[in-house]
Amino acid sequence: MRASSRRVGAAVVVGLLAAGCASGGQIDPEGTAASEGLDATATDPVRVQATQDNNLLDVVVARGVLNCGVYGAAVAFSETQPDGSTTGFDADYCRALGIAILGDAEAVNFVPLTSAERFTALQSGDIDVLVRNTTWTQSRDTALGFDFAPVTFYDGQQLMARTSDGFTSDSTVADVAGATVCATAGTTTEKNIADAADAAGIEINLQTFEDLDIITDNFITGACDVMTTDGSGLVGRRARQQGDQEWAIFPSSPFSKEPLGPVYLPNQSEFGDVVNWTVYATIIFDEKGITSANVDDLARSGRLDAEAVRLLGGVGELQTRMGLRPDAFYDVVRQVGNYGEIYDRHLVPVGLSRAGTPNALWTEGGLIYAPPAR
């Protein structure tokens, strides 16, 4: 469904929300750039300056397409399909932004990027936003100068090895002493395993590669005794590529913190607000049980609370102050769903449950939390 045909339904729902409110009571309105694979001298200063000087939200609206950087090979997060489409948890957050800004889930240009390419692509303006399992760190926030959106997935680094080599889910970092451990070059993953080995008092043969596909292939053939990355990446690879082998993921508690979320350029507060509140809106809808399947019925029922009414574009809405349509977040939940729907659609099938993890809602013991929409 194209954006123009959706406007009619959205306008009806917004009208119902406003009417419902009137009848129910008035609502008051990591290191250096080089260590990250980023060569500041290699970027085009004219393009960088143009991106930083212009209002990026206006640029995207005028262009009519959001350029969203993804991995393209991250199982369940962003996978480029044979037909050229991109699917996954991260991909759906790109679509959510396309919907919020442009009213159309199809108005997104997915740009697959390696770990070495991602920050240069963002700095140079080749992409508007990076939604690519990127860890929020102090160095990236300061030395590289990027801004981070709310965390969409709390992860942590683990190891994966073959059970035929004697490893189990109860193995520890100390158990990989002397092993060839393969990690992605120029990432927090490479630094974390080196630190973890030092802390465990062991020596490892650390081999780094640019791409997780290469690492996985080497692991399957035995060139790598152990592979390491974020736990979610290991779970996804095991679900898709284990084959006749049996792979164990350990230690049970990750040895790093990897808060993952969208990244954008600094000094773009309007664009940043849109990214942030698109994420927050999906979380609030999840808290309230507002889904793609029931949002229209709930809007007609008049039983939504004031916060939900505002987020869906009714009385007291704040989206127009952000440069969006009043019903922008209504379109988001209707087309891609709330946080839980996006999570369950892509991550649960590969074995990444929310229960008992930081990715549960704060009301259920997790860390997924949004500030109030008021």
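Above this note sits the structure.
Predicted, not measured: the structure shown is a model, and the values here were computed from it.

A.B. asks: Just checking my understanding: could you explain the nonpolar core for this structure?
C.D. replies: Generally speaking, nonpolar side chains in soluble globular proteins are found buried as a group. Counting 78 residues, the largest nonpolar core has Phe89, Ile101, Phe271 and Phe329 as its most contacted members. If you tally residues by element for this core, the top one is helix α4 (residues 89-102), at ten residues. Apart from the residues lying within four places of it in its own chain, the contact partners of phenylalanine 89 are Ala76, Phe77, Thr152, Phe153, Tyr339, Ile342, Tyr343, His346 and Leu347.

A.B. asks: Help me understand the environment of valine 129 in this model?
C.D. replies: Looking at the element boundaries, valine 129 is found in strand β6 (residues 129-130). The spatial distance from the C-alpha of valine 129 to the C-alpha of phenylalanine 271 is 9.5 Å, given a sequence separation of 142 residues. For valine 129, the contacting residues outside a window of four places in its chain are Leu66, Asn67, Cys68, Gly69, Leu97, Leu122, Pro262, Val263 and Phe271.

A.B. asks: In this structure, what is going on with the sheet that holds strand β4 (residues 86-87)? I would like to understand it.
C.D. replies: To summarise the sheet geometry, strands pair through backbone hydrogen bonds and adopt either a parallel or an antiparallel arrangement. Spatially, three strands are ordered β2-β3-β4 in an open sheet, and the strand pairing comes out antiparallel. Each having just a single partner strand, β2 (73-74) and β4 make up the two edges of the open sheet. One ladder, built from two bridges, connects strand β3 (residues 78-80) with β4; its direction is antiparallel. Bridge pairing in β4 links threonine 80 to threonine 86.

A.B. asks: Is there a simple way to explain helix α9 (residues 231-241) in this structure?
C.D. replies: Helical geometry: 3.6 residues make up each α-helical turn, so side chains three or four residues apart lie on a common side. Listed in full, the buried residues belonging to α9 are Gly231, Ser232, Leu234, Val235, Gly236 and Arg237. On its buried face, α9 is in contact with β2, β8 (153-155), β9 (157-162), α8 (212-221), β12 (226-230) and β13 (247-250). Positive backbone phi, approximately 60 degrees, marks glycine 243, located one or two places after α9.

A.B. asks: What am I meant to see in unusual backbone geometry here?
C.D. replies: Comment: phi is negative for the bulk of residues other than glycine, and the bulk of peptide bonds are trans. Residues phenylalanine 250 and proline 251 are joined by a peptide bond in cis, for which omega reads -10 degrees. Here proline 251 lies in the loop between β13 and β14 (258-260).

A.B. asks: Can you help me understand the packing of aromatic side chains in this one?
C.D. replies: Centre distance and the angle of the planes are the two values used to describe a pair of aromatic rings. By the definition in use, this model includes 15 aromatic pairs. Their ring planes at 70 degrees and their centres at 5.7 Å tell us that phenylalanine 77 and phenylalanine 89 sit as a pair that is edge-to-face. Placement of the pair is phenylalanine 77 in the loop between β2 and β3 and phenylalanine 89 in helix α4, with a sequence separation of twelve residues. Taken individually, phenylalanine 77 and phenylalanine 89 each receive the classification buried, so the pair is uniform in this respect. Taking 4.9 Å as the distance between ring centres and 65 degrees as the angle between the ring planes, the aromatic pair formed by tryptophan 277 and tyrosine 280 counts as edge-to-face. Of this pair, tryptophan 277 and tyrosine 280 both sit in helix α10 (residues 269-288), three residues apart, which is roughly one turn of the helix. You can call tyrosine 280 buried: its relative accessible area is 18%. Through a chain of ring-to-ring contacts, the aromatic side chains of Phe77, Phe89, Tyr93, Phe153, Tyr339 and Tyr343 assemble into a single cluster. Here the guanidinium or amino end of arginine 132 rests over the ring plane of tyrosine 71, the centre of that ring lying 4.1 Å away. One residue, arginine 354, lies across the ring of tyrosine 343, its end atom 5.5 Å from the ring centre.

A.B. asks: Sorry if this is basic, but what is going on with the layout of surface pockets here?
C.D. replies: The method is simple in principle: a probe with the dimensions of a water molecule rolls over the atoms, and the space it marks as empty is what remains. Taken as a whole, the largest pocket encloses approximately 450 Å³ of empty space. Surrounding the largest pocket, 24 residues form its lining, Tyr154, Asp155, Gly156, Gln158 and Pro254 being those nearest its centre. Breaking the lining of the largest pocket down by element, the ones donating at least two residues are β8, α9 and β14. Ranked by residue count, the leading element in the lining of the largest pocket is α9, at four residues. Its residues placed into classes, the lining of the largest pocket shows ten nonpolar, ten polar and four charged.

A.B. asks: Looking at this structure, how should I read empty space enclosed by the protein?
C.D. replies: Volume-wise, the largest cavity comes out at about 300 Å³. Along the wall of the largest cavity there are 25 residues; nearest its centre are Tyr71, Arg132, Asn133, Thr229 and Asp230. Every element with two or more residues in the lining of the largest cavity is listed here: β2, α5 (115-124), α7 (188-200), β12 and α9. Considering each element in turn, the lining of the largest cavity owes the most residues, four residues, to α9. Among the residues making up the lining of the largest cavity, the classes are represented as seven nonpolar, twelve polar and six charged. Lining the second largest cavity, in full, are Phe77, Asp90, Val131, Asn133, Thr152, Leu260, Gly261 and Pro262. Its residues assigned to classes, the lining of the second largest cavity comprises four nonpolar, three polar and one charged.

A.B. asks: Would you mind going over helix α13 (residues 328-335) with me for this structure?
C.D. replies: Within α13, six of the eight residues are buried, which leaves it mostly tucked inside the rest of the structure. When α13 is considered as a whole, its buried residues turn out to be Ala328, Phe329, Tyr330, Asp331, Val332 and Val333. At the C-terminal side of α13, glycine 337 shows a positive phi close to 95 degrees.

Procedures and definitions
Residues numbered from 1 in each chain as written. Predicted model: local features only at pLDDT ≥ 70, side-chain atom pairs only at ≥ 80, totals over all residues. Heavy atoms only, no water. Core = buried A, V, L, I, M, F, W, Y, C linked by side-chain atoms within 4.5 Å. Buried < 20%, exposed > 50% of the residue type's maximum accessible area, 1.4 Å probe, protein only. Helix = DSSP H or I, 4+ residues; strand = E, 2+ residues; numbered from the N terminus. Contact = heavy atoms within 4.5 Å. Pairing = 2+ DSSP bridges. Phe/Tyr/Trp six-rings, centres within 6.5 Å; stacked < 30°, edge-to-face > 60°. Lys NZ or Arg CZ within 6 Å of the ring centre and 35° of its normal. 1 Å grid on protein atoms, 1.4 Å probe; cavity = no way out; pocket = protein on both sides within 12 Å on 5 of 7 lines; lining within 4 Å. Points joined across faces, edges and corners; volume = space filled by probe spheres on them. Nonpolar A, V, L, I, M, F, W, Y, C, P; charged D, E, K, R; others polar.

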